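Observations on the three-dimensional arrangement
Here is how the chains run, residue by residue.
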Amino acid sequence: MPHTLHETDANQGSLREAADRIRLQAQAAAADSERERRLSPELIDALRDSGLMRCGAPETLGAAQAPPAVSLECAETIARGDAATGWCVSIALTSSLLAAYLPEKGAAETFGDPRAIAAGVWAPRAKARPVDGGVVVSGRWSFCSGITHADYFFGGCVLDDGRGDKDGAPTLRAVGIPAEQLRILDTWHTSGLRATGSHDAVAEEVFVPDHRVLALDGGPLIDAPLYRFPIYGYFALSIAAAALGNARGAIDDLMDLAGHKVATGSRRTLAEKATTQAAVGQAEAALRAARAFFYSAIDDAWQAACTADTVGLDLRTGLRLAAAHAARTSAEVVRAMYDLGGGSAVYESSPLQRRFRDATTATAHLQVSPATWETTGRILLGLPTHVAQL
């Protein structure tokens, strides 16, 4: 029987329980994590022990091989405590999906350790030169979220084999490189999501053996529902999951503030004001609607992955629509809560200003950018559209 959103498998239950525990830990550490621009060693240890960071890897490696809805719900839960921590979970769990695209030796090498964490930038920002037994890679990737705590990094490359595909397009590959073989540049000085440590990473003539080279567009080497689920859609959903959790956290933070804040010259708390009540009601409705669409689209695609060889274009389009809508609606919700916070929200001590900065930074990600509306709109209108990475 196909997995559904309501499945109660014991392993999945343990993932959810771990996510809820880590949510509180991440929330308590959020200010320190942001100041250090990385997650604390204690938080990373908890994430490693939870199994969440590789829950997309195959069961044959002792991983959860969890359905998308379960993994993404866990990332969302943690982001409710701290968006940057939830974001790092999203990046790691999507990176762990790549175990299914690697030869058995490569999968075991990169994800065989129960506490393994991988990061990745799939955009082809490097060149890979074929040599005997593998490739030699040089290049620089930006936005390497989680690179400060990752064991392996999966980077997109153009294979410099002088051939390309039948249409003359370059041959694309991703390579798994031990993080210690990369040079990390301290570039992540940003307005939001500071604790993700999304620095640039540089490979300088790094040899990567064949068993750690994969072709995303070539399809997975394991036939299972999780790996038939659209991987590019999954990536977009992972960004949106962190955004949804951040928005829920912003409503939490506003409610905490509203119960006791009394503006100068007023006798009523913020919660007792009609304008606050209306804004919170609208934000709650918007967030619930976006979240419902998000998990409905996931469930539709998951059912198809469980019963068919491929997930159709209409369902893949739905995933991208749901991801972009969730991320951008979440940012609107956070902005509304930030505005309600008034002068209290502008101080660095207020979690609402961190929520606001994190939400704005999340919407800058290409996977949930406004360009998604154009791509999905073309598909809905029946116009020719490049859909290989939908």
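Residue numbers run consecutively from 1 along every chain, following the written order of its sequence. In keeping with the predicted nature of the model, local features appear solely for residues at pLDDT of at least 70, side-chain atom pairs appear and are counted solely at 80 or more, and the whole-chain, interface and lining totals rest on all residues. Just so you know, side-chain values use all the structure's heavy atoms and leave hydrogens and water out.

As named in an unreviewed UniProt entry, the protein is Hydroxylase, taken from Streptomyces antimycoticus.

**Overview of unusual backbone geometry**
With phi around 45°, glutamine 65 is a residue other than glycine that occupies positive phi space. Numbering of helices and strands starts at the N terminus; helices are DSSP runs of H or I of at least 4 residues and strands are runs of E of at least 2. Looking at where glutamine 65 falls in the secondary structure, it is placed in the loop between α2 (41-50) and α3 (68-81). Within the chain, leucine 193 stands out as a residue other than glycine whose phi angle is a positive 50°. You can see leucine 193 is positioned in the loop between β5 (183-185) and β6 (200-209).

**Things to note about the UniProt feature "domain: Acyl-CoA dehydrogenase/oxidase N-terminal" (unreviewed entry) in the protein**
In the UniProt entry, the feature "domain: Acyl-CoA dehydrogenase/oxidase N-terminal" (unreviewed entry) is given for residues 25-102. Taken end to end, residues 25-102 is 64% helix and 0% strand, and its first and last C-alpha atoms sit 34 Å apart. UniProt positions are given in the numbering used here, feature names are shortened, and annotations may be inferred rather than shown by experiment.

**Topic: the pattern of salt bridges**
Put simply, a salt bridge is a Lys or Arg side-chain nitrogen that is within 4 Å of an Asp or Glu carboxyl oxygen. All told, the structure shown has 19 salt bridges when counted by the stated rule. Of the charged contacts in the structure, one is a salt bridge between aspartate 151 and arginine 48, with a shortest N-O distance of 2.9 Å. Of this pair, aspartate 151 sits in the loop between β2 (134-141) and β3 (152-159) while arginine 48 sits in helix α2, and the two are 103 residues apart along the sequence. With a 1.4 Å probe rolled over the protein chains alone, any residue whose accessible area is under 20% of its type maximum counts as buried; one over 50% counts as exposed, and the rest are partly exposed. Overall, aspartate 151 belongs to the partly exposed group, its relative accessible area being 32%. Taking relative accessible area as the criterion, arginine 48 reaches 14% and is therefore assigned buried. Put simply, Asp45, Asp49 and Arg115 are held in one network by salt bridges that share partners.

**Remarks on the pairing of β3**
Judged by how many residues are buried, β3 sits mostly within the fold: seven of eight residues are covered. When β3 meets strand β4 (residues 171-178), the two strands line up antiparallel, connected through eight bridges. For glycine 156, the partnering residue across the bridge sits in β4 and is alanine 174. Two strands qualify as a pair provided DSSP detects at least 2 bridges between them.

**Considerations on the packing of α3 against helix α4 (residues 83-96)**
Each axis is a line fitted through C-alpha atoms, taken for helices only over the stretch in contact, and angles between the N-to-C directions span 0 to 180 degrees. It is at 6 Å that the axes of α3 and α4 come closest, and there the two elements cross at 160°. Taken together, the axis directions place α3 and α4 in an arrangement best described as roughly antiparallel. As for how α3 packs across α4, the hand of that crossing is right-handed. In this structure, α3 uses Ser71, Ala75, Ile78, Ala79 and Gly81 to contact α4, whose residues at the interface are Ala83, Thr85, Gly86, Val89, Ser90 and Leu93. In terms of residue class, the contact of α3 with α4 is made up of six nonpolar, five polar and no charged. Should an angle fall under 35 degrees it is taken as roughly parallel, and over 145 as roughly antiparallel, whereas 65 to 115 is taken as roughly perpendicular and any remaining angle as oblique. Handedness of a helix crossing follows the sense of rotation of the near helix relative to the far helix, less than a right angle counterclockwise being left-handed and clockwise being right-handed. In what follows, a contact means two residues having at least one pair of non-hydrogen atoms within 4.5 Å. Put simply, Ala, Val, Leu, Ile, Met, Phe, Trp, Tyr, Cys and Pro go in the nonpolar bin, Asp, Glu, Lys and Arg in the charged bin, and everything else, Gly too, in the polar bin.

**Observations concerning the layout of surface pockets**
A cavity, in this analysis, means grid points on a 1 Å lattice covering only the protein atoms where a 1.4 Å probe fits yet has no way out; a pocket is instead an open set bounded by protein on both sides within 12 Å along at least five of seven lines, and a residue lines either one if it has an atom within 4 Å of a point. Grid points are joined across faces, edges and corners, and a volume is the space filled by probe spheres set on the points. Of the volumes computed, that of the largest pocket is approximately 1,200 Å³. Taken together, 41 residues make up the lining of the largest pocket; nearest its centre are Ala123, Phe235, His365, Leu366 and Gln367. Going through the elements one at a time, α4, β1 (118-131), β3, β4, α7 (231-258) and α11 (371-380) are the ones with two or more residues in the lining of the largest pocket. By residue number, the principal contributor to the lining of the largest pocket is β1, which donates six residues. In terms of residue class, the lining of the largest pocket is made up of 23 nonpolar, 14 polar and four charged.

**Points about the environment of alanine 323**
Looking at the secondary structure, you find alanine 323 in helix α9 (residues 313-341). In this structure the C-alpha to C-alpha distance between alanine 323 and isoleucine 147, which are 176 residues apart in sequence, comes to 24 Å. Beyond its immediate chain neighbours, meaning those up to four positions away, alanine 323 contacts Ala236, Leu237, Ala240 and Val368.

**Remarks on the nonpolar core**
Formed by 104 residues in total, the largest nonpolar core has its most connected members in Leu47, Phe294, Ile298 and Met337. In terms of residues, this core owes the most to one element, α7, which gives 18 residues. Discounting chain neighbours no more than four positions away, the residues touching leucine 47 are Ile22, Leu39, Leu52, Met53, Ile78, Thr85 and Val89. What we call a nonpolar core is a set of buried Ala, Val, Leu, Ile, Met, Phe, Trp, Tyr and Cys residues that are connected through their side-chain atoms within 4.5 Å. Residues Ala128, Val135, Ala150 and Ala201 belong to the second largest nonpolar core, which totals 21 residues.

**Looking at the domain arrangement of the protein**
On domain assignment, one finds that the protein holds domain 1 (5-112), domain 2 (118-214) and domain 3 (229-381). An automatic or database domain assignment supplies the start and end points of every domain. Between the C-alpha centres of domain 2 and domain 3 there is a distance of 30 Å. Residue-level contacts link five residues of domain 2 with seven residues of domain 3. Here's the idea: put two parts together, see how much 1.4 Å probe accessible area each one loses, and the total over both is what we call buried area. Across the domain 2 to domain 3 interface the summed buried area is about 580 Å²; carbon plus sulfur atoms make up 67%. Among the residues domain 2 hides against domain 3, the three largest losses belong to Trp122, Ser191 and Leu193. Together they make up 74% of the total. One can count zero salt bridges joining domain 2 with domain 3.

**Here's the deal with the sheet that holds β5**
Each strand in a sheet pairs with another by means of backbone hydrogen bonds, the pair being arranged parallel or else antiparallel. Ordered in space as β5-β6-β2-β1-β3-β4-β7, the seven strands form an open sheet in which the pairing is mixed. Looking at which strands have only one partner, the edges of the open sheet turn out to be β5 and β7 (213-214).

**Concerning the environment of alanine 123**
Counting through the fold element by element, alanine 123 comes out in strand β1. The spacing of alanine 123 and glycine 218 is 95 residues in sequence and 16 Å in space, taken between C-alpha atoms.

**As for the packing of aromatic side chains**
Aromatic ring pairs are reported here in terms of the distance separating the ring centres and the angle at which the planes meet. Stacked, edge-to-face and tilted are the three classes for Phe, Tyr and Trp ring pairs, Trp counted by its six-membered ring, which pair at centre distances within 6.5 Å; planes under 30 degrees apart are stacked, over 60 edge-to-face, the rest tilted. Evaluation of the coordinates by the stated rule reveals eight aromatic pairs. Between the aromatic rings of phenylalanine 229 and tyrosine 234, the centroid separation amounts to 5.8 Å while the plane-to-plane angle is 80°, which identifies the pairing as edge-to-face. Put simply, the rings of Trp122, Tyr232 and Phe235 pair up and form one aromatic cluster.

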